[in-house]
Amino acid sequence: MEANAESMQSHCLEIAMEAHKVVPPPHRSTIAKLKTRLKETFFPDDPLRQFKGQSMKKKFILAAQYLFPILQWGPNYSFNLFKSDVVSGLTIASLAIPQGISYAKLANLPPIVGLYSSFVPPLVYAVLGSSRDLAVGPVSIASLVLGSMLIQEVSPNKDPLLFLQLAFTSTLFAGLFQASLGFLRLGFIIDFLSKATLIGFMAGAAIIVSLQQLKGLLGITHFTKQMGVVPVLSSVFHNTKEWSWQTILMGFCFLVVLLLARHVSMRNPKLFWVSAGAPLASVILSTLLVFASKANHHGISVIGKLQQGLNPPSWNMLHFHGTHLGLVMKTGLVTGILSLTEGIAVGRTFAALKDYQVDGNKEMIAIGLMNMIGSSTSCYVTTGAFSRSAVNHNAGAKTAASNIVMSVTVMVTLLFLMPLFQYTPNVVLGAIIVTAVVGLIDIPSAYHIWKVDKFDFLVTLCAFFGVIFISVQQGLAIAVGLSIFKILMQITRPKTVMLGKIPGTDIYRNLHHYEEASRVPGFLILSIESPINFANITYLNERILRWIEEYEAEEDMKKQSSLRFLFWKCQL
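Just so we're clear, the structure is a prediction, and the values are computed from it rather than from any experiment.

Caption draft 1: Inspection of the pairing of strand 3 (residues 496–501) at higher detail. Counting buried residues along strand 3, 5 of its 6 residues qualify, which places the element largely inside the surrounding structure. Bridge count between strand 3 and strand 5 (residues 523–531): 3 bridges; the pairing is antiparallel. Counterpart to Thr-496 in the pairing with strand 5 is Ile-528. Across 3 bridges, strand 3 lies against strand 4 (residues 508–510) in antiparallel orientation. Bridge pairing in strand 4 places Gly-500 opposite Arg-509.

Following this line, the structure appears as structure tokens:
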């Protein structure tokens, strides 16, 4: 026993001799400390470092390239890059045209607005955007949210002009919010939309979007304006007399074809052109069938005549007065956050695949200015869509010029091909939307979240059920609230673990994670896995005392040496 005591004392002396004194940091003024703190918070990438030591001319060039990324890759653009961008641009145009028309109808807007939104915004993004793969245009989630929020106060059927004005104004506020986040470098705000939140929200929104298409797929004329599962299904089964067997047959056939095309492209990515071209091919084929058989006189509803020509200016339609100002600001905020989150996530995903960097703050500015300009040119909220960006990536896009090619293709369509869409059946547009949103339901990722973090899975479920049973925006708010609550819990109730020594080393690890790690007799070694601050100091004091009590009680039961030293590793 005495030998053990002498050994322990010798060990403690060794520890004491190896200790290093912690000295206070060099003195700095309050202004210097504040400057450093602000720089680390808002400028972690230090964008001004590239200007150090450069001549005035070089600084001007670098500034122009920073503001307009097209000036970085434009001077070195080659014919080989152009060939790749033309192929990818034409490919995504074949997908963007039918999707643009479909998503505009999803937002309760005239179909032509969807094509307008696939013309101007891609041109703006090609100049300001930093992603090579992002394909810009309307997206399903933003379209759904925009339409569902505005329809609460204004009917698109009774007052279509006011509804259109509010949609353009909401787009302007969305762009202002997005660009402000980029200019003020507050992009970390969108990080509160965690992956768990987005997976649940996207899945719920996909189901809501799909259920909304039952109106077109079944040929129902009197359909509910509500978005929840219960009122939609109630409306479907209360209007069975309006079901049209011709519409159901055509919708089922084209939906099967589109889903098969999607399945083929997923199984073999080299056949990406199958799913990319299937929507446009379906539109062309269904239009020819309706025109040849005069099916529009036999229960098949069609789009009707669309206005020919390029985007008319809409700055005179922006609505800044009246009782609807609060509505458009709220709609712009929600759609701005959603579209910004989706666009940046998609851009970063494909940038990682090709090993290049995407500047999040520059993307916010690009997407924000894109929507601000779009609101003045008859466009509604746009961003980078995953489906089109995936096709753009697989088609071999090399630069953002693929967006320019897509935009030119849409321009030709607006100028010369609009009469061809007059007999396009609405049921096919519904089938295109359903096929597009099916990919938003990510069951493997939800299962992975369940395996990793049960609380995050609860957030996913809240977002999912909140969207389908309450509303899109309230479901999202509940999920974000839970995510923030989790962050607060991690700050105020940090995790503490007991460490043990791995034999033959001086390494200490979590006893629950490393089976070979063992306790050091007489020592309680803890790790506090969060910075210590005023919000958690009381909890940590109580938790450490409990660790000590539990340790001593356990040692008393084993009749071993009592606790002599307490060490803890923490962050300040």
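Caption draft 2: Spotlight on helix 7 (residues 120–128). When you tally the buried positions in helix 7, you get 7 out of 9 residues, the bulk of the element. Those residues of helix 7 that fall on the buried side of the exposure criterion are Val-120, Pro-121, Pro-122, Val-124, Tyr-125, Ala-126 and Leu-128. Close packing links the buried residues of helix 7 with helix 3 (56–67), helix 4 (70–73), helix 6 (111–116), strand 1 (136–137), helix 16 (360–375) and helix 18 (401–417).

Caption draft 3: View of the nonpolar core. Of all hydrophobic cores here, the largest spans 105 residues; its most connected members are Leu-109, Leu-144, Val-145, Phe-201, Tyr-380 and Leu-414. In this structure Val-145 touches Phe-201, Val-334, Thr-335, Leu-338 and Val-472, once residues within four positions along its chain are discounted.

Caption draft 4: Seen up close, unusual backbone geometry. For Asn-108, which is not a glycine, the phi torsion comes out positive at approximately 65°. Checked against the element boundaries, Asn-108 lands in the loop between helix 5 (79–106) and helix 6. Take Asn-108: its relative accessible area is 28%, and that puts it in the partly exposed class. In this structure, Asp-355 takes a positive phi of about 60° despite not being glycine. Tracing the backbone shows Asp-355 in the loop between helix 15 (325–354) and helix 16.

Caption draft 5: Looking closely at helix 22 (residues 472–492). With 21 residues, helix 22 extends 30 Å from end C-alpha to end C-alpha; this agrees with the ideal 30 Å at 1.5 Å per step. Within helix 22, the full set of buried residues consists of Val-472, Gln-473, Gly-475, Leu-476, Ala-479, Val-480, Ser-483 and Lys-486. Each buried residue of helix 22 lies within a common arc of 165° when the element is viewed along its axis, so the set occupies one face. Packing partners of the buried residues in helix 22 comprise helix 8 (140–150), helix 10 (195–212), helix 15 and helix 21 (454–469).

Caption draft 6: Up close: the pattern of salt bridges. Following the criterion strictly, the structure yields 5 salt bridges and no others. The salt bridge involving Lys-354 is made with Asp-133; its shortest N-O contact spans 2.9 Å. Within this pair, whereas Lys-354 is found in helix 15, its partner Asp-133 is found in the loop between helix 7 and strand 1, the two being separated by 221 residues in sequence. A relative accessible area of 0% means that Asp-133 is categorised as buried. For the salt bridge of Lys-486 with Asp-456, the shortest nitrogen-to-oxygen distance reads 2.9 Å. Of this pair, Lys-486 sits in helix 22 while Asp-456 is found in helix 21, placing the two residues 30 residues apart along the sequence. Judged by relative accessible area, which is 16%, Lys-486 ranks as buried.

Caption draft 7: Molecular detail of the packing of helix 8 against helix 10. Taken N-terminus to C-terminus, the directions of helix 8 and helix 10 make an angle of 65°; their axes are 10 Å apart at the nearest point. As judged from the angle between their axes, helix 8 and helix 10 are roughly perpendicular. Crossing geometry of helix 8 relative to helix 10 is assigned as left-handed. On helix 10, the residues that touch Ile-141, Leu-144 and Val-145 of helix 8 are Phe-201, Met-202, Ala-205, Ile-208 and Val-209. In terms of residue class, the contact of helix 8 with helix 10 is made up of 8 nonpolar, no polar and no charged.

What counts, and where the lines are drawn
All residue numbers refer to positions counted from 1 along the written sequence of the respective chain. Under the rules for a predicted model, residues below a pLDDT of 70 receive no local features and side-chain atom pairs below 80 are neither given nor counted, while totals for whole chains, interfaces and linings still include all residues. Heavy atoms throughout the structure, all of them, feed into the side-chain values; hydrogens and water do not. Burial classification: accessible surface area is computed with a 1.4 Å probe over protein chains only, and a residue below 20% of its type maximum counts as buried, one above 50% as exposed, and the rest as partly exposed. Counting from the N terminus, the helices are the DSSP runs of H or I reaching at least four residues and the strands are the DSSP runs of E reaching at least two. Whether two strands pair depends on DSSP finding at least two bridges between them. Throughout, a contact is declared for two residues whenever any of their heavy atoms are within 4.5 Å. Buried Ala, Val, Leu, Ile, Met, Phe, Trp, Tyr and Cys residues form a nonpolar core when they are joined through side-chain atoms within 4.5 Å. To estimate how far a helix should reach, multiply one less than its number of residues by 1.5 Å. Taking the helix axis as origin, the arc is that swept by the directions to the C-beta atoms. Each salt bridge in this description consists of a side-chain nitrogen of Lys or Arg and a carboxyl oxygen of Asp or Glu lying within 4 Å of one another. Axis definition: a line fitted to C-alpha atoms, limited for helices to the stretch in contact. Angles are taken between N-to-C directions and run from 0 to 180 degrees. Here the angle decides the label: under 35 degrees means roughly parallel, over 145 means roughly antiparallel, 65 to 115 means roughly perpendicular, and every other value means oblique. When the near helix sits turned anticlockwise from the far one by under a right angle, the crossing is termed left-handed; a clockwise turn instead gives a right-handed crossing. Any residue outside Ala, Val, Leu, Ile, Met, Phe, Trp, Tyr, Cys, Pro, Asp, Glu, Lys and Arg is labelled polar, Gly included; the first ten of those are nonpolar and the last four are charged.

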